[in-house]
Amino acid sequence: MDAVREVLEKARAEGRTALTAPEGRTICQAYGIATPGEGLATSPEEAARIAAEIGFPVVLKIVSPDILHKTDAGGVLVGLKTAEEVAAGHETIIANARAHDPDARIEGVQVQQLVGGGHEVIVGAVTDPTFGKVVAFGLGGVLVEVLKDVTFRLAPLTGEEALGMLDDIRAAEVLRGVRGAAPANRDALAGLIGNVGRLVADFPEIAEVDLNPVFASADGAVAADVRVIIGEPTPERERPSREEILAKMNRIFKPRSVAVIGASAEEGKIGNSVMRNLINGGYQGQIFPINPKAPEIMGLPAYRSVSDVPYDVDVAVFAIPAKFVAAALEEVGRKGVAGAIMIPSGFAETGNVEGQQEIVEIARRHGVRMLGPNIYGYYYTPENLCATFCTPYDVKGGVALTSQSGGIGMAILGFSRTTKMGVSAIVGVGNKADVDEDDLLTFFEQDDNTRAVAMHLEDLKDGRGFVEAARRVVKEKPVIVLKAGRTAMGARAAGSHTGALAGDDKVYDDILKQAGVVRAPGLNDMLEYARALPLLPAPKGENVVIITGAGGSGVLLSDACVDAGLTLMDIPPDLDEAFRAYIPPFGAAGNPIDITGGEPPSTYENTVRLGLADERIHALVLGYWHTIVTPPMVFAELISRVVAEERAKGNTKPVVASLAGDTEVEEACEYLFEHGVVAYPYTTEKPVAVLGAKYRWARAAGLLP
């Protein structure tokens, strides 16, 4: 630690942002990162002597704090095999450096043992604007530029996470050894990755580390080239404690009273819609309309200001133009209100950054937690609370959904109502000037009314805060994320919509996975995951079995399982024989188990019951084909009954179904969903994708062996 601190302070004192190669090697040595044998030469004779000591062939590199890209300056020579070549090379490199930059400070020439062999990879670290210190790993050399086969993790990372990075690149098989090549030493390489993570976590002023190439062989991992950039450490975000967050969030979601600032008796006004939703939605707490020009609104006495309300107020819903918000928020703060629900637009999303910062400062000064601005409001169904100008909603359930967009919020409403999914909460977060996803996760974590959380987001204001909260929640409840801005154009659109820059999607993808959340590829996927995951029991192992009445569906379901990262079970002989006892001779055992389409209900019942009862099978995927022998509703009622009976015996495992047929299969799927079996008509991909999402959560929660 002291050696690293000394190097960094020296560079900073000299006004440098880049460390020299010898300085980089000193840092590597302090953190157990292997580098080739080397020495610093200030004369041709000294260069030749060092080369002879460390062994030929060698590499020569210019050492100058003013020359960052050594190759461009002609400051690198590779493969020198004799003392004479090294001495001449020393003179050549010095001359090239002088020609490149006559004023450059030159400390000498680095003489480095030429290493090679094994696999060429890159290990590094960057400072991400969303997540802070992030470690990167991938194929090295020019391949990292061409293939972009790189994976990321938050720093510092555990040994298990570092090992996981080795398997997370597309070329993972190369590191295991192919075509006779020796495999890389996984422990040595993972140890090097972990050491880089510790380094940047211990020294936040290190902005970037680039070890490229690293030669990973069966004997170990050696960083052949080291590049370190320093800068100003990013200040840590101030986060309220979990207790402080919950103290405010509990008052916001379970308020005893709500004030509507800008309440109106005029239909079509936002303040009128909020009032109607609160009253007609069945909220039982006190409602205080705030309007200086009306004595009463919708049968309730109105007040000129929230300061005039002679009772405590937990939540204030703002339904006034942006220009009046700051003054009203001052009054709300003095009143001791816990939460300000900022419906008004006209802040950072339109370029009014100063106006948004002003209300943030007011809220913080008074200890008010602010949701928004630029939101549709929020719902919390256990309290019959519809604090929004959108349509009222009263279908109660166990899913909490949040969105950064009002349009997505309305899609959530419609889907929830149509599918009878039921929600505990729907929350708009908008610009996220204050309350963001990690605050909401902290509340939903301890909310007994919430069994799963689904979040649409365009950016994360505090990536590390989100990961910290998500890691806690996923141990008990699935967290599903739809991250907008996966493409460059999508990221640009996300930025213009919220005033926030979307981070690099690969970084997001890897770190969301590290946090244990289930990422949904699209809006409908997020909603279907949210609807289905709470219904499915957690699997107890990886063995998935397909039972199908149609061979074509079986093939497609098999493909879908592979795409979803599921493991199709190799059926052992005794189980194969047991299944064959129930299917016709022209059917097919194995996996998929094809019972053929003309079979009576008893064949479905016998095979499905066997699949549920055998402990070696951990999940079932059913493929149904509409026939007169077993009509859709007969199939749905039968499967629902068998699953319920087996669950009563303790044979609890996830079951999903794909139904192909005429329109009657739609009703059958609804019936199955209502009875705890996830089923979809006209698709083989969707039920398997849902099962794959359940498996991803179960792995993240540590529920699988």
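Residues numbered from 1 in each chain as written. Predicted model: local features only at pLDDT ≥ 70, side-chain atom pairs only at ≥ 80, totals over all residues. Heavy atoms only, no water.

1. Side note on empty space enclosed by the protein
Quick reminder of the rule: In the cavity and pocket records, a cavity denotes points on a 1 Å grid over the protein atoms alone where a 1.4 Å probe fits but cannot get out, a pocket denotes an open set with protein on both sides within 12 Å along at least 5 of 7 lines, and lining residues are residues with an atom within 4 Å of a point. Grid points are joined across faces, edges and corners, and a volume is the space filled by probe spheres set on the points. The nonpolar class holds Ala, Val, Leu, Ile, Met, Phe, Trp, Tyr, Cys and Pro. Asp, Glu, Lys and Arg form the charged class, and all remaining residues, Gly among them, are polar.
Scanning all chains against the criterion turns up two cavities of 30 Å³ or more. Size it by volume and the largest cavity reaches roughly 60 Å³. If you go around the largest cavity, the residues you meet are Ala 21, Arg 25, Thr 35, Pro 36, Glu 38, Lys 61, Gln 110, Gln 112, Ala 223, Ala 224, Asp 225 and Val 226. Broken down by class, the residue content of the lining of the largest cavity amounts to five nonpolar, three polar and four charged. If you add up the space inside the second largest cavity, you get close to 30 Å³.

2. Topic: helix H20 (residues 573–580)
Note the threshold: The buried label goes to any residue with under 20% of its type's maximum accessible area, the exposed label to any with over 50%, and the partly exposed label to all in between, with areas taken from a 1.4 Å probe on protein chains only. Where helices and strands are cited, they refer to DSSP runs of H or I of at least four residues and of E of at least two residues respectively, numbered from the N terminus. As used here, the arc belongs to the directions running from the helix axis to the C-beta atoms. Residue contacts are defined here by distance: any two heavy atoms, one from each residue, within 4.5 Å place the two residues in contact.
Considered for burial, the residues of H20 that qualify are Leu 575, Asp 576 and Phe 579. Along the axis of H20, the buried residues cluster in a sector spanning 105°; they form a single face. Summarising the geometry of H20, the exposed residues directed more than 90 degrees from the buried face are Pro 573 and Glu 577. Buried residues in H20 make contact with strand S25 (543–548), strand S27 (593–594) and helix H21 (601–613).

3. Considering the sheet that holds strand S1 (residues 38–41)
Let me state the cut-off plainly: Two strands qualify as a pair provided that DSSP identifies no fewer than 2 bridges between them. Axis angles are defined between N-to-C directions and span 0 to 180 degrees, where every axis is a line fitted to C-alpha atoms and, for a helix, only to the segment in contact.
With respect to topology, four strands assemble into an open sheet ordered S1-S4-S2-S3, the strand pairing being antiparallel. The sheet terminates laterally at S1 and strand S3 (76–80), the two strands that pair on one side only. Averaged over all adjacent pairs, the angle separating strand axes in this sheet is 20°, with direction ignored. Bridge analysis of S1 against strand S4 (residues 108–113) gives four bridges, and the strand direction is antiparallel.

4. Overview of the pattern of salt bridges
Quick note on the threshold: The rule for a salt bridge is simple: a side-chain nitrogen of Lys or Arg has to be within 4 Å of a carboxyl oxygen of Asp or Glu.
Taken as a whole and judged by the stated rule, the model has 48 salt bridges. One salt bridge in this structure joins Asp 167 and Arg 186, with 3.1 Å as the shortest N-O distance. Separated by 19 residues along the polypeptide, Asp 167 in helix H6 (residues 159–167) and Arg 186 in helix H8 (residues 186–202) bring together distant segments of the chain. Since its relative accessible area comes to 38%, Asp 167 is described here as partly exposed. On the basis of relative accessible area, Arg 186 is assigned to the partly exposed category, the value being 32%. In this structure, Glu 645 and Arg 609 form a salt bridge, with 2.8 Å as the shortest nitrogen-oxygen distance. With Glu 645 in helix H22 (residues 632–648) and Arg 609 in helix H21, this residue pair connects regions lying 36 residues apart in the sequence. Residue class for Glu 645 comes out partly exposed when judged on its relative accessible area of 32%. Through salt bridges with shared partners, a single ionic network connects Glu 605, Arg 609, Arg 641, Glu 645, Glu 646 and Lys 649.

5. Focus: the pairing of strand S28 (residues 619–625)
With six of seven residues buried, S28 lies mostly within the body of the structure. Looking at chain direction, S25 and S28 are connected through five bridges and run parallel. Bridged to Ile 546 within S28 is Val 621. As paired elements, S28 and strand S29 (residues 655–660) share six bridges and run parallel to each other. When the bridges of S29 are listed, Val 621 appears paired with Val 656.

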